[in-house]
Amino acid sequence: MDTYVTVVGNAASEVRVQMTQAGVPLARFRMAVSPRRFDRDSGQWVSGDASFYTIACFRALAENVTSSIDKGDPLVVTGRLRVREWEREGRWLTVTEIDASSVGHDLARGVAEFRRVARPARLALVADDVAAGATVDQGVLAIGTGSSPEREEEAA
């Protein structure tokens, strides 16, 4: 069973992009999460110990993160938590990763401007009478099948 988490923090590194062996875009960056609390004795906000996560983004999310995220940006990330441990030279190493399903700027700490990414039109096979007169969802390119009743009568 997978564990899904949402973390709020700052991008602690620049985004690095690569392609997987299967040719899938992969973007990775580090994220720092520091708990903050108000200290009544001093009257100031105090930061706790930071936790660091490696954020992995695939496909379209990787492309969008690469164009949108800079080191230091306040972020909200949701995804599947993975903890990997291994031993190297007698020492145990641990990496905490999040396979992101969603990444966004934290609007509680700033403003952002959203730009929708243009995606290639999807192909949909539809009957000619539908393609000729009916509306088709935006972003779908309608291709007629040539099997409308009018065409069958014309062919006869």
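Here, the structure is the one placed above.
Everything in this summary refers to the structure shown in the same document. (Residues numbered from 1 in each chain as written. Predicted model: local features only at pLDDT ≥ 70, side-chain atom pairs only at ≥ 80, totals over all residues. Heavy atoms only, no water.)

Focus on the pattern of salt bridges
Just so we agree on the cut-off: By salt bridge we mean one thing: a side-chain nitrogen of Lys or Arg within 4 Å of a carboxyl oxygen of Asp or Glu. Strands here are runs of E lasting at least two residues and helices are runs of H or I lasting at least four, both read from the DSSP assignment and numbered beginning at the N terminus. With a 1.4 Å probe rolled over the protein chains alone, any residue whose accessible area is under 20% of its type maximum counts as buried; one over 50% counts as exposed, and the rest are partly exposed.
Under the counting rule described, the total for this entry stands at 7 salt bridges. The residue Asp99 makes a salt bridge to Arg82 at a minimum N-O spacing of 3.5 Å. Taken together, the positions of Asp99 in strand S8 (residues 91–105) and Arg82 in strand S7 (residues 74–88) put the pair 17 residues apart, joining distant regions of the chain. A residue is classified by how much of its surface remains accessible, and Arg82, at 33% relative accessible area, is partly exposed. For Glu97, the salt bridge goes to Arg84, with nearest N and O atoms at 3.2 Å. Here Glu97 is found in strand S8, whereas its partner Arg84 is found in strand S7, with 13 residues between them in sequence. Judged by its relative accessible area of 39%, Arg84 is partly exposed. Linked by salt bridges that have partners in common, Asp2, Arg28, Arg80, Arg82, Arg84, Glu97 and Asp99 make up one network.

Some points on the pairing of strand S4 (residues 36–39)
Our working definition: Only strands joined by at least two bridges in the DSSP assignment are considered to pair.
Note that S4 and strand S5 (residues 44–47) share 4 bridges and pair antiparallel. If you follow Arg36 over to S5, its bridge partner there is Ser47. Between the end of S4 and the start of S5, which pair antiparallel, lie 4 residues, with Gly43 showing a positive phi angle near 70 degrees.

Function cannot be inferred from these measures alone, as they are strictly geometric.
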